[in-house]
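Analysis of the macromolecular model
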Amino acid sequence: MDFFGDPAVLLPWAFASLMGLSILIYVVLDGFDLGVGLLMPLAQDDEKDRLVASIGPFWDANETWLVLAIGLLLVAFPPAHGLILTALYLPVFIMLVGLILRGVSFEMRAKAPIAQKSVWNAAFFAGSLMASLSQGFMLGMYVMGLTWTLPHVGFALLTAVFLTVGYSFIGAVWLIWKTDGELQKHAVRWAKGGMWGLILGIGSISLATPFVSTRIFDKWFSFPEIVYLSPLPILSGLLVVFLWVQLRRMPFENDRWSWTPFAAATALFTLAYCGMAYSFYPYVVPEKLTIYESASAPESLFIILVGTLFVLPAILGYTVLSYYIFRGKATELRYD
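Residues numbered from 1 in each chain as written. Predicted model: local features only at pLDDT ≥ 70, side-chain atom pairs only at ≥ 80, totals over all residues. Heavy atoms only, no water.

1. A few points about the nonpolar core
Among the nonpolar cores identified, the biggest contains 94 residues, and Phe-77 and Phe-169 are the most heavily contacted of them. Considering every element that reaches this core, the biggest residue donor is helix 1 (residues 7-38), with 14 residues. The contacts of Phe-77, once residues within four sequence positions are left out, are Pro-12, Phe-15, Ala-16, Met-19, Leu-72, Ile-291, Ser-294 and Ala-295. (Core = buried A, V, L, I, M, F, W, Y, C linked by side-chain atoms within 4.5 Å. Buried < 20%, exposed > 50% of the residue type's maximum accessible area, 1.4 Å probe, protein only. Helix = DSSP H or I, 4+ residues; strand = E, 2+ residues; numbered from the N terminus. Contact = heavy atoms within 4.5 Å.)

2. Here we look at the environment of Leu-139
Relative to the elements of secondary structure, Leu-139 occurs in helix 7 (residues 117-143). Its relative accessible area of 21% is what places Leu-139 among the partly exposed residues. Once the C-alpha coordinates of Leu-139 and Thr-331 are considered, the two residues, 192 residues apart in sequence, prove to be 35 Å apart. The contact partners of Leu-139, leaving out residues within four places of it in the chain, are Thr-159, Ile-205 and Met-276.

3. Notes on the side chain of Thr-290
Within the secondary structure layout, Thr-290 lies in strand 2 (residues 289-290). Thr-290 gets classed as buried once you look at its relative accessible area, which sits at 10%. Within the local environment of Thr-290, its side chain forms a polar contact with the backbone nitrogen of Glu-293, the two atoms lying 3.0 Å apart. (Polar contact = N/O pair within 3.5 Å; in protein donor to acceptor, adjacent residues only side chain to side chain.)

4. Overview of helix 12 (residues 231-249)
When the terminal C-alpha atoms of helix 12 are compared, their 27 Å separation across 19 residues agrees well with the 27 Å that a helix rising 1.5 Å per residue should span. Among all positions in helix 12, only Leu-232, Ser-236, Leu-239, Leu-243, Gln-246 and Leu-247 are buried. Down the axis of helix 12, the smallest arc covering the buried residues is 95°, so these residues share one side. Exposed and oriented more than 90 degrees from the buried face of helix 12 are Pro-233, Ile-234, Leu-238, Arg-248 and Arg-249. (Expected span 1.5 Å × (residues − 1). Arc of directions from axis to C-beta.)

5. Remarks on the pattern of salt bridges
According to the stated counting rule, one finds 5 salt bridges in the structure shown. Salt-bridge contacts for Arg-102 lead to Asp-33; the nearest nitrogen and oxygen are separated by 2.7 Å. One end of the pair, Arg-102, is in helix 6 (residues 89-111); the other, Asp-33, is in helix 1, with 69 residues separating them in the sequence. When its relative accessible area of 0% is taken as the criterion, Asp-33 is described as buried. Linking Asp-180 and Arg-50 is a salt bridge whose minimum nitrogen-to-oxygen distance equals 3.0 Å. (Salt bridge = Lys/Arg side-chain N within 4 Å of Asp/Glu carboxyl O.)

6. Describing the side chain of Lys-48
Secondary-structure assignment places Lys-48 in helix 2 (residues 48-55). Leaving out residues up to four positions away in the same chain, Lys-48 has contacts with Met-40, Ala-43, Arg-109 and Asn-121.

7. Considerations on unusual backbone geometry
Leaving glycine out, the prevailing phi sign among residues is negative, and the prevailing peptide bond configuration is trans. Looking along the chain, the bond that leaves Met-250 and enters Pro-251 is cis, with omega of 0°. Locating Pro-251 in the fold gives a position in the loop between helix 12 and helix 13 (260-280). Omega for the bond connecting Tyr-281 with Pro-282 falls within 30 degrees of zero, at 10°, which places this linkage in the cis form. Along the chain, the position of Pro-282 falls in the loop between helix 13 and strand 1 (283-285). Positive phi outside glycine occurs at Leu-146, with the angle close to 65°. Residue placement: Leu-146 occurs in the loop between helix 7 and helix 8 (150-178). At Trp-257, a residue that is not glycine, the phi angle is positive and equals roughly 60°. For Trp-257, the position within the fold is in the loop between helix 12 and helix 13.

8. Brief notes about helix 2
Counting buried positions along helix 2 yields 8 of 8 residues, so the element is predominantly enclosed. Within helix 2, the full set of buried residues consists of Lys-48, Asp-49, Arg-50, Leu-51, Val-52, Ala-53, Ser-54 and Ile-55. On its buried face, helix 2 is in contact with helix 1, helix 3 (59-62), helix 6, helix 7, helix 8 and helix 9 (181-208).

Here is the structure:
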């Protein structure tokens, strides 16, 4: 166990990194399919099947990353798991109801009579909205230290709206990549509108986080840290400019570069996430529990790590395989 160093330090750090990676992958992958669900009311009736077809092969596998992240939190940091889920019990419940509603409506819209299809389309949107808003609310409460005060709840509600808009944006740029024709043009227009909500959301969280505690403020604005961290906001600003320029010029002839807005949005989410991870490290519960204080015994973590080394490549493998098999544009969705 001590071949690579002190297991009491190395193993908690390794599991925190795996958990963080799982959350980031979930936010990007399930973020775009939640976003497609949020865009359902904006699409015309003859376009809604193509919206579903664009995420059909992926959405179920995308949610595996959320299960993995929560599982790692439970087995690796049990005190933090109890504290976080106790503080966020209500939004977690709403999120689970939304995810269940999405799954049910996804199947039922294909099997119900045509007259009822609009009802299940609305249910798919409602489930996407519930899941997105609850995740944004949980993010805001986490940034504020999981304490239920009126200002903190107000900030969490604002974060819920901004993350929902951010999901709709990454859903729109996914549709730009996966569709063509009139639907692609509509997706470009939706992305232009959602981009401002994404910028406001990332900006508000980035500005609020350093003021949560003096420790985080010092990590960002002390010298020379402020110099070392300057690439994060600079790169984020360049990505925003790139997205705006690309969206104004799209669609290109022969559908060239249709993947670039999604790639840029993914990079923007990743930079924002890295900034948050840096701010809160080494705390798994802000200003209350560090990853080292809440970690399971090194012997337990080592056994779990061995299992993770088998499970994680399997999840990565079938995720990559599904995206490879179903590459290309989403075609007409047929159930006959």
